[in-house]
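Tertiary structure, described
Take a look at the letters that make up each chain.
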Amino acid sequence: MLLDLPRRSPAVARLLLIGPGIAVIGLFMLIPLGLMAYVSFLDRGAYGGVVWDQHTVEAYTSFLFERNLDDSLTFNTDYLQIYLRSFLLSLSTTLIALLVGFPVALYMSLAPAKWRNLLVFLVTVPFWTNLLVRNYAWILLLRTNGLIDQWAAGLGLIGPGESVSILYTPWAITIGLTYSFMPFMVLPIYASLEKLDFRLVEAAYDLGATRLKALARVIVPLSLPGIAAGSILVFIPSLGSYVTPELLGGSKGLMIGNLIQLQFAASRNWPFGAALAFTLLAMVLIAMVLYLTRFRKLPE
Amino acid sequence: MDSPPQPGIHIRDMVKVFTDDQQGEVRALDNVSLHIRSNEFFTLLGPSGCGKTTLLRVIAGFEQPSQGRVLLDDLDVTDQAPYRRPVNTVFQSYALFPHMTVAENVRFGLEMQKVDPAAAERRVAEMLELVHLTGMERRKTGQLSGGQQQRVALARALAPAPKVLLLDEPLSALDFKLRKGMQIELKRLQQETGITFVFVTHDQEEALTMSDRVAVMKSGKVLQIGTPEEIYRHPVERFVADFIGETNFLPATLSTEGHPAVFTVGNAGGFTVRAEASQLDQRQGSQVTLAVRPERTFLDPAGHGEGLSGRVETVVYFGTDTLYHVRVDGLEAPLTARIQNRDNHAPDIDEGAEVRITFPDDAVQVLKD
Ligand SMILES: Nc1ncnc2c1ncn2[C@@H]1O[C@H](COP(=O)(O)OP(=O)(O)OP(=O)(O)O)[C@@H](O)[C@H]1O
Ligand SMILES: [Mg+2]
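Residues numbered from 1 in each chain as written. Chains lettered and ligands numbered in written order. Predicted model: local features only at pLDDT ≥ 70, side-chain atom pairs only at ≥ 80, totals over all residues. Heavy atoms only, no water.

Things to note about the UniProt feature "domain: ABC transporter" (unreviewed entry) in chain B
Cut-off, in case you're wondering: UniProt positions are given in the numbering used here, feature names are shortened, and annotations may be inferred rather than shown by experiment. Each helix is a run of H or I in the DSSP string that is no shorter than four residues. Each strand is a run of E no shorter than two, and both are numbered from the N terminus.
Here, UniProt's "domain: ABC transporter" (unreviewed entry) annotation points to residues 9–244 of chain B. With 36% helix and 28% strand, residues 9–244 of chain B has its two end C-alpha atoms placed 25 Å apart.

Shown next as structure tokens:
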């Protein structure tokens, strides 16, 4: 009787099929997320952790305001500045990844079919090593007297003993992030370029378009879904990145990820850490909604 | 030996070899030379894979020939990039830009020529009117029917006023009725605009009805160039005769040399015809093939007079005509006679009837095999 139910009722059958998926998402995503949301509205414990029955919006208040000794609030842009810097760094990372990644993806999609799978495989090779190792490799390259300094000196671009001084600057972070997330840019663009009908490009040439015009008027517009997907996939993880700014950014290179980590570790202010995380989440969600309303209507 | 300067497209000694992994070398064009006159409706006709598209792509500039030159009004354009040539293409797949509206598609070529926006706007309207698509300006191309897409492709290619329009089987995706309509419209457009049309098709009827001249191609070679009537009435090769319309092929023996020469058809009866065979170097007694169109093949009741004797195998009524398939002893395939129906009645010849087959001298074409 009971085992018969799925066959007789499609609704039950459907529930049984999607049930496990929902359970996994609920258990491992929604519950921890909900817990952290709750934590962000609690009072901080004296030695880390939280006081579970003290509800307050203090964590969100202190994102924008500093509380003076007399309990009055002063507008404080310290944290906003870190967010702004993170956004700008992620934005430049995304732009550079796009400028480098698009030609790579175009080259891949124009390669003979038999080489393409190999090229896709090669793009993913950096993922095979640990993120930490890759960032340490960049330290070796960028540090004073590192490989880049030696090459620059060898080429006579800098004097002996001088340094191009890139490490521990925002540039180092941008380089590291661009390198780390490049495949996320290349692969979606490649996917949409591979679907592109190159007879359309021929049609553009036929009508008098130069290569550059054909690129701007036909290839780029038709690969916009891939460009958008790649940009999101680079921008969002850059925004929340932790390891790269920690290793390559030095003391002034604090990004949102490092700030949050700081609250949970050294500062022992869990509610504030949670609030910072949810502020970021809200910003990303708003950006996503804007993106979806903008690009949803594009052709396949 | 260069021809005196003449406007139009000159294709000289064109060879295009593709190297393919599986098949090795493919000679898609094998020493093609032809001259397409200005303002002419010129058709490339041939079976699939004979090199029609390749020839168009060489003219457009998408394909670099292995050998040979392309001249456009006596200007050698062989090494010119496609976007520099005053040649536009209506692609077989239409290749309309899916992210643009109908009007934007048509305007594209004008924008590339940096035509002043107001003038471009007028030209777009004019083109859309020409192809009867006024009012469709803001539609996306994906929302159009096949015939409408085809007309957008046409308007887009015509808008920049090219010297030459290349059309690669533009009608093949359309259903019969739409196709007939578009054939007439295309012909009208060509006459109105005075642009040279190079039209590709593998439909012989389409080629005959629309073209000023036709080039019949096979395996990368041009077999014959001529007006539809020349090609239909005087095919030079068996392939051309067979490909264009229906044809009866008859083995014959040259019995008396001369102009015209006399041929004896078949082995029985000693039926003779006279035909001009000057393009062939034939001697008395040599074997040739004669081609006769079904509508010029006549049937008479058996008995008196000369002719081939045969037996009617099948009778097919076609409304305006009746087709008779007649089995003749000693011939592999039955002969076909197409006889016009008088007063909508088929002639009184039934299946199984014994008949005599004749044809007038001027219906006979002597072929080289
Ligand atoms: N890019 C290419 N690479 C290799 N071989 C090719 C290429 N393009 C065409 N060919 C070969 O050249 C020959 C002529 O091709 P083409 O496309 O010109 O034929 P077509 O007459 O247009 O045929 P269809 O009527 O089927 O369109 C064919 O054998 C084809 O396989
Ligand atoms: Mg073709």
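Examining the domain arrangement of chain A
It is common to give the size of an interface as the accessible area that goes away when the parts come together. Residue and element names in this part refer to chain A. Selection rule: For every domain, the bounds stem from an assignment made automatically or drawn from a database. Once two parts are joined, some of their accessible surface, as seen by a 1.4 Å probe, is lost; buried area is that loss totalled over both. Here, a salt bridge means any Lys or Arg side-chain nitrogen found within 4 Å of an Asp or Glu carboxyl oxygen. Nitrogen and oxygen atoms within 3.5 Å of one another constitute a polar contact, given that in protein one can donate a hydrogen and the other can accept it, and given that sequence-neighbouring residues count only through two side-chain atoms. As a working rule, the residues Ala, Val, Leu, Ile, Met, Phe, Trp, Tyr, Cys and Pro are called nonpolar, Asp, Glu, Lys and Arg charged, and the rest polar, with Gly in that last group.
Here chain A is partitioned into domain 1 (1–40) and domain 2 (78–295). Computed over C-alpha atoms, the centres of domain 1 and domain 2 are 36 Å apart. Interface of domain 1 and domain 2: buried area, both sides summed, is about 440 Å²; carbon and sulfur atoms make up 87% of it. The three residues of domain 1 that bury the most area against domain 2 are Met36, Val39 and Ser40, which together make up 76% of that side's buried surface. For the pair domain 1 and domain 2, the number of links is 0 salt bridges. The interface formed by domain 1 and domain 2 contains 0 residue pairs in polar contact (both at pLDDT 80 or more). Grouping the constituent residues of the side of domain 1 that touches domain 2 by class yields 4 nonpolar, 1 polar and no charged.

Considering the packing of aromatic side chains
Our working rule: Aromatic contacts are taken between Phe, Tyr and Trp rings whose centres are within 6.5 Å, Trp giving its six-membered ring; a plane angle under 30 degrees counts as stacked, one over 60 as edge-to-face, and the others as tilted. Think of it as a cone above the ring: NZ of Lys or CZ of Arg counts as a charge over the ring if it is within 6 Å of the ring centre and within 35 degrees of the ring normal.
Applying the stated rule across the entire model yields 18 aromatic pairs over all chains. For the ring pair phenylalanine 239 of chain B and phenylalanine 243 of chain B, a centre distance of 5.6 Å and an interplane angle of 10° mean the geometry is stacked. Placement of both phenylalanine 239 of chain B and phenylalanine 243 of chain B in helix α8 (residues 238–243) is noted, with a separation of 4 residues, approximately one turn of the helix. Feature note: the residues Phe63, Tyr79, Tyr83 and Phe272 of chain A constitute an aromatic cluster, connected by ring pairs. Between the NZ or CZ atom of arginine 293 of chain B and the centre of the ring of tyrosine 232 of chain B, over which it lies, the distance is 3.9 Å.

Let's talk about the layout of surface pockets
Residues and elements named next belong to chain A. In plain terms, the rule: With a 1 Å grid laid over protein atoms only, a set of points is called a cavity when a 1.4 Å probe fits there but cannot get out and a pocket when it is open yet has protein on both sides within 12 Å along at least five of seven lines; lining residues have an atom within 4 Å of a point. Grid points are joined across faces, edges and corners, and a volume is the space filled by probe spheres set on the points.
If you add up the space inside the largest pocket, you get close to 340 Å³. Forming the boundary of the largest pocket are 16 residues, of which Ala228, Ser231, Ile232, Phe235 and Tyr291 lie nearest the centre. Listed by contribution, the elements that provide at least two residues to the lining of the largest pocket are α4 (78–110), α11 (224–239) and α14 (270–295). Among the residues making up the lining of the largest pocket, the classes are represented as 14 nonpolar, 2 polar and no charged.

What to know about the environment of serine 309 of chain B
Residues and elements named next belong to chain B. Defined as follows: We call two residues in contact when some of their heavy atoms are within 4.5 Å.
Looking at the secondary structure, you find serine 309 in strand β16 (residues 308–317). Considering only alpha carbons, one finds serine 309 and threonine 322, 13 residues apart in sequence, at a separation of 19 Å. Sequence-distant contacts of serine 309, defined by excluding residues within four places in its chain, comprise Val328, Asp329 and Val355.

Concerning the nonpolar core
Residues and elements named next belong to chain B. Our working definition: In this text, buried Ala, Val, Leu, Ile, Met, Phe, Trp, Tyr and Cys residues form a nonpolar core when linked through side-chain atoms within 4.5 Å. The rule is simple: take the accessible area with a 1.4 Å probe, protein chains only, and divide by the maximum for that residue type; under 20% is buried, over 50% is exposed, in between is partly exposed.
In this structure, Ile9, Ile11, Leu44, Leu55, Phe97 and Phe108 are the most contacted members of the largest nonpolar core, which totals 65 residues. With residues up to four places along the chain from it excluded, the contact list for leucine 44 reads Lys52, Leu55, Leu56, Val198, Phe199, Val200, Thr201, Ala215 and Met217. The next biggest cluster of nonpolar side chains, apart from the first, holds 35 residues, and it includes Leu133, Leu154, Ala159 and Leu165.

A closer look at the packing of helix α6 (residues 131–142) of chain A against helix α8 (residues 170–195) of chain A
Residues and elements named next belong to chain A. To keep it simple, the criterion reads: Orientation is described by lines fitted to C-alpha atoms, with helices fitted over the stretch in contact, and by angles between N-to-C directions that extend from 0 to 180 degrees. Orientation is classified from the angle alone, with under 35 degrees giving roughly parallel, over 145 giving roughly antiparallel, 65 to 115 giving roughly perpendicular, and any other angle giving oblique. Helix crossings get a hand from a simple test, with the near helix turned counterclockwise from the far one by less than a right angle marking a left-handed crossing and a clockwise turn marking a right-handed one.
Taken N-terminus to C-terminus, the directions of α6 and α8 make an angle of 135°; their axes are 11 Å apart at the nearest point. Taken together, α6 and α8 sit at an angle that is classed as oblique. Where α6 crosses over α8, the handedness of that crossing is right-handed. Here Leu131, Arg134, Trp138 and Leu142 of α6 lie close against α8, whose contacting residues are Ala172, Ile175, Tyr179 and Ser180. Split into classes, the residues belonging to the contact of α6 with α8 amount to 6 nonpolar, 1 polar and 1 charged.

Details of the site of ligand 1
Residues and elements named next belong to chain B. Applied cut-off: Proximity is defined per residue: if any heavy atom of the residue lies within 4 Å of a molecule or strand, that residue is considered near it. Accessible surface is estimated by sampling points in the Shrake-Rupley manner with a 1.4 Å probe; for residues, cover comes only from the protein chains shown.
Neighbouring residues of ligand 1: 13 residues in total, closest Ser48, Gly49, Lys52, Thr53 and Thr54. Lysine 52 places a side-chain nitrogen or oxygen 2.8 Å from an oxygen atom of ligand 1. Within the contact set of ligand 1, an oxygen atom lies 2.5 Å away from a side-chain nitrogen or oxygen of threonine 54. Coverage of ligand 1 by the protein amounts to 66% of the 630 Å² it exposes when considered alone. Taken together, the elements giving at least two residues each to the shell around ligand 1 come down to β1 (9–20), β2 (24–36) and α1 (52–60). Tallying contributions element by element places α1 first for the shell around ligand 1, with 3 residues.

Remarks on the interface of chain A and chain B
Taken together, the contacts link 19 residues of chain A with 24 residues of chain B. Carbon and sulfur atoms supply 64% of the area that chain A and chain B bury against each other, a total of about 1,900 Å² over both sides. Per-residue buried area on chain A facing chain B is highest for Asp206, Leu207 and Arg217 of chain A; these three make up 38% of the total on that side. Here chain A and chain B share 2 salt bridges between them. A salt bridge links arginine 217 of chain A to glutamate 111 of chain B; the nearest nitrogen and oxygen atoms lie 2.6 Å apart. One can count 4 residue pairs in polar contact (both at pLDDT 80 or more) joining chain A with chain B. Counting residues per element, the side of chain A that touches chain B draws most heavily on helix α9 (residues 198–206) of chain A, at 7 residues. In the side of chain A that touches chain B, the residues fall into 10 nonpolar, 2 polar and 7 charged.

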